[in-house]
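Summary of the model geometry
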Amino acid sequence: MKDRLDQIKKDALAQIEAADALEKLNDVKVKYLGKKGELTAVLKSMKDVAPEDRPKVGQMVNETRAVIEEMLEATKTKMEKAIREEKLKQEVIDVTLPSKKSSVGHRHPNNIALEEVERIFVGMGYEVVEGPEVEYDLYNFEKLNIPADHPAKDEQDTFYINKDIVLRTQTSPVQARVMEQGKLPIRMIAPGRVFRSDEVDATHSPSFHQIEGLVIDKNVSFSDLKGTLEEFAKELFGPETKTKFRPHHFPFTEPSAEVDVSCFKCGGKGCRFCKGSGWIEILGCGMVHPHVLEMCGIDPEEYTGFAFGVGLERIALLKYEIDDMRLLYENDIRFLKQF
Ligand SMILES: [Zn+2]
């Protein structure tokens, strides 16, 4: 019996030594230690051993098993280590190799201006809301107090999909949609693309971007509007910026105003940039027309509000001193790289 066990041990160790892959080690393990393995077979033949010898033989079997297991484990650890090292060697990075030049993209001036405007209003507690670019005539015009015979509805200015559907000419329909939901108070800006059938030139494009704002609450007054836009202008163009409100007319608001800011180039003295006037026009605004509130299901006796709209391209052109709006759409990499 002892000879048989010695032979098993010798064979097993030799095969472990010869194994050159983890799978082969596993084969050896199954062959000698498995359920149908050779050591198990020895245990099964214990019934032929004299009872007084059984403890001794049992001990010898266990010792043999321990030796084989130990050898298997040690070899396995060694193999795994070698595999890891080989892998590391393959993955090694030669830091002395010349690098591949990777080019980083630039943000579009429109996006930079938009993020800036959003940052300012979000900081004042406004929510950013988006809406559809293809819009019902009802939201784009009717609910904003622009009746069927209004000149703004002229087909020459508006892209009609059919009688009832247009490419939105402003982002105000988003405001009508929010007001209609009736969750008050409202403090929101609606940035987005709008469409007008304009010829392309240095200051016009059939597709451009607007950011419109709306506040509806109890006791909102024109001074709230002035304070808000003065703060906005200071944040955007610098703390020295002054604002001027000129009476104007918009169907959506009453009273309405256009807002000029003091020229941030010359500080108001007058220069080429502000065409000598010292002022630059930047946005339109006003108190939301009571009729608009009514049409959107808000009681104008209880609630008031103000709205404003600013062209995103106008801000980008002013802030980055770009003199032709077409540059913003041509995607010329030499132009975009400067931002
Ligand atoms: Zn100026």
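Residues numbered from 1 in each chain as written. Predicted model: local features only at pLDDT ≥ 70, side-chain atom pairs only at ≥ 80, totals over all residues. Heavy atoms only, no water.

A few points about the overall build of the chain
Within the chain, the secondary structure is distributed over 12 helices and 9 strands. Computed over C-alpha atoms, the radius of gyration of the chain comes to 40 Å, more than 25% over the 20 Å expected from 2.2 N^0.38 for 339 residues, which places it beyond the range of a compact globule. Projected onto its principal axes, the C-alpha coordinates of the chain cover approximately 120 × 55 × 40 Å. Buried residues in the chain amount to 40% of all 339 residues. Partitioning the intrachain contacts of the chain with sequence separation of at least 6 by distance along the chain shows that 65% fall at a separation of at least 24. Total accessible area on the chain stands at roughly 20,100 Å², and carbon and sulfur atoms take up 52% of it. Within the chain, the 59 negative side-chain charges are centred at a point lying 9 Å from the centre of the 48 positive side-chain charges. (Helix = DSSP H or I, 4+ residues; strand = E, 2+ residues; numbered from the N terminus. Rg over C-alpha atoms; globule rule 2.2 N^0.38 Å. Buried < 20%, exposed > 50% of the residue type's maximum accessible area, 1.4 Å probe, protein only. Contact = heavy atoms within 4.5 Å. Areas by Shrake-Rupley, 256 points an atom, 1.4 Å probe, with all protein chains shown as cover. Lys, Arg positive; Asp, Glu negative; His and termini not counted. Charge placed at Lys NZ, Arg CZ, Asp CG, Glu CD.)

Observations concerning the coordination of the zinc ion
For the zinc ion, the full set of protein donor atoms is Cys 263 (SG), Cys 266 (SG), Cys 271 (SG) and Cys 274 (SG), at a range of 2.2 to 2.3 Å. Considering all 4 donor atoms around the zinc ion, angles at the metal cover 104 to 113° and the coordination shape is tetrahedral. Read N to C, the donor residues that coordinate the zinc ion are spaced as C-x2-C-x4-C-x2-C. Placement of Cys 263 in the loop between β7 (253-262) and β8 (279-288) and of Cys 274 in the loop between β7 and β8 is noted, with a sequence separation of 11 residues between them. With a relative accessible area of 1%, Cys 263 lands in the buried category. Assessed through its relative accessible area of 4%, Cys 274 is described here as buried. (Donors = N, O, S within 2.8 Å, 3.2 Å for Na, K, Ca; no water. Tetrahedral: all angles 85-135°; square planar, octahedral: opposite > 155°, others 65-115°.)

Regarding the domain arrangement of the chain
Domain assignment breaks the chain into domain 1 (2-90) and domain 2 (109-336). Measuring from the centre of the C-alpha atoms in domain 1 to the corresponding centre in domain 2 gives 82 Å. (Domains from an automatic or database assignment.)

Observations concerning the packing of aromatic side chains
Per the stated rule, a full pass over the model turns up 9 aromatic pairs. Judged by centre distance (5.1 Å) and plane angle (20°), the ring pair of Phe 121 and Phe 308 falls under stacked. Residue Phe 121 is located in helix α5 (residues 109-123), and its partner Phe 308 is located in strand β9 (residues 304-311); the two are separated by 187 residues in the primary sequence. There is no split in this pair, since Phe 121 and Phe 308 are both buried. (Phe/Tyr/Trp six-rings, centres within 6.5 Å; stacked < 30°, edge-to-face > 60°.)

Considerations on the packing of helix α8 (residues 222-237) against helix α10 (residues 312-319)
Remark: α8 packs on α10, axes separated minimally by 12 Å, with the N-to-C direction vectors making an angle of 45°. Taken together, the axes of α8 and α10 are oblique relative to one another. Each of Phe 232, Leu 236 and Phe 237 in α8 lies in contact with α10, whose residues at this interface are Ile 315, Leu 318 and Lys 319. (Axes fitted to C-alpha atoms, helices over the stretch in contact; angles between N-to-C directions. Parallel < 35°, antiparallel > 145°, perpendicular 65-115°, else oblique.)

Concerning helix α7 (residues 172-181)
The buried fraction of α7 amounts to 7 of the 10 residues, a majority that puts the element mostly inside the structure. Residues of α7 that are buried include every one of Ser 172, Pro 173, Val 174, Gln 175, Ala 176, Val 178 and Met 179, and no others. Structurally, α7 contributes buried residues whose contacts are with β2 (134-136), α6 (137-140), β4 (186-195), β5 (207-217), α9 (290-295) and β9. A positive phi of about 75° marks Gly 182, the residue just after α7.

Notes on the pattern of salt bridges
With the rule as written, the count across this model stands at 17 salt bridges. The network of salt bridges with common partners includes Arg 246, Glu 258, Asp 260 and Glu 281. (Salt bridge = Lys/Arg side-chain N within 4 Å of Asp/Glu carboxyl O.)

Some remarks on the nonpolar core
Buried together is how nonpolar side chains tend to be arranged in soluble globular proteins. Membership of the largest hydrophobic core comes to 42 residues, with the highest contact counts inside it found for Leu 229, Phe 232, Leu 283, Cys 285, Phe 306 and Phe 308. The element contributing the most residues to this core is α8, with 6 residues. Once residues within four sequence positions are removed from consideration, Cys 285 is found in contact with Leu 225, Leu 229, Phe 245, Phe 250, Thr 253, Ser 256, Ala 257, Val 259, Ala 307 and Phe 308. The next biggest cluster of nonpolar side chains, apart from the first, holds 23 residues, and it includes Leu 293, Cys 296, Tyr 303 and Ala 307. (Core = buried A, V, L, I, M, F, W, Y, C linked by side-chain atoms within 4.5 Å.)

So, α10
Counting buried positions over the 8 residues of α10 gives 6, a clear majority of the element. Burial in α10 covers these residues: Leu 312, Glu 313, Ile 315, Ala 316, Leu 317 and Leu 318. Check the buried side of α10 and you find it contacts α5, β5, α8, β8, β9 and α11 (327-330). Immediately beyond the C-terminal end of α10, within one or two residues, lies Glu 321, with a positive phi of roughly 55°.

What about the pairing of β4?
Counting buried positions along β4 gives 8 out of 10 residues, so the element sits mostly inside the fold. As judged from the 2 bridges shared by strand β1 (residues 127-128) and β4, these two strands associate in the parallel manner. The residue bridging Glu 127 from the neighbouring strand is Met 188, located in β4. (Pairing = 2+ DSSP bridges.)

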